[in-house]
Amino acid sequence: MSKISKIPSVFLDRDGVLNEDIGYVHKASQINWVPGAKEAVALLKNQGYLVFVVTNQSGIARGLYTEEEVEHLHAWMNGELFRSGGSSIDDFRYSPFHPDFENETYANFKDWRKPNPGMILDLMEKWPVDNLRSFLIGDRQSDIKAAEAANIRGFLFDGGDLLTFVEAILASR
Ligand SMILES: [Mg+2]
């Protein structure tokens, strides 16, 4: 068995971190990039981090939009990131689940809905994540709780410029 070295990773919430959270964002025309967001992803990739998105998307359980639309949007976002900074998100996870709209299709994603850590843990299984050197950035306490439940540090982003925020985190490590 070959030895795979572990890689420090950053888990980003999507709405309110990469794009403005205007509620139930599911198409490209609704994406207003947070200032410094594209540059922050490029910086993290250039520093050797794996970069992931972990996003609650209860709009799917609510019937407001489909999984296909979310996946299409994420592919579009990655295209935008690549065109602007030459790098993109390594992998996306979204949770379609919402407790008020339980149905069999999405029941398996209950543990993926933040504050549960399921999306982070799934990425940790699929990628060689160095847990000790990894962290999450989110704009809600539920993001931070999910990070803590997955045993990584969580940083609460309360708006402003994401690049500045990420630079401060990297400088402190
Ligand atoms: Mg958010």
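In case you missed it, the structure is sitting above this.
The text that follows walks through the structure, step by step, so that each part is easy to find. Quantities reported herein were computed from a predicted structural model and do not represent experimental measurements.

Attention now moves to the coordination of the magnesium ion. Taken together, Asp 13 (OD), Asp 15 (O) and Asp 139 (OD) make up the protein donors of the magnesium ion, found 2.0 to 2.2 Å from the metal. Taken in chain order, the donor set of the magnesium ion reads D-x1-D-x123-D. In this pair, Asp 13 sits in the loop between β1 (9-12) and α1 (37-46) while Asp 139 sits in the loop between β4 (135-138) and α4 (141-149), placing the two residues 126 residues apart along the sequence. In this structure Asp 13 comes out as buried when scored by relative accessible area, which is 6%.

Here the focus is the packing of aromatic side chains. Applying the stated criterion across every chain yields a total of six aromatic pairs. On the basis of an interplanar angle of 40° and a centroid distance of 5.2 Å, the ring pair of Phe 11 and Phe 52 is categorised as tilted. In this pair, Phe 11 is assigned in strand β1 and Phe 52 in strand β2 (residues 50-56), connecting sequence segments 41 residues apart. The two residues Phe 11 and Phe 52 agree in class, both being buried. Cluster of aromatic residues (ring-pair linked, three or more members): Phe 11, Phe 52 and Trp 127.

Rules of the game
Residues numbered from 1 in each chain as written. Predicted model: local features only at pLDDT ≥ 70, side-chain atom pairs only at ≥ 80, totals over all residues. Heavy atoms only, no water. Donors = N, O, S within 2.8 Å, 3.2 Å for Na, K, Ca; no water. Helix = DSSP H or I, 4+ residues; strand = E, 2+ residues; numbered from the N terminus. Buried < 20%, exposed > 50% of the residue type's maximum accessible area, 1.4 Å probe, protein only. Phe/Tyr/Trp six-rings, centres within 6.5 Å; stacked < 30°, edge-to-face > 60°.

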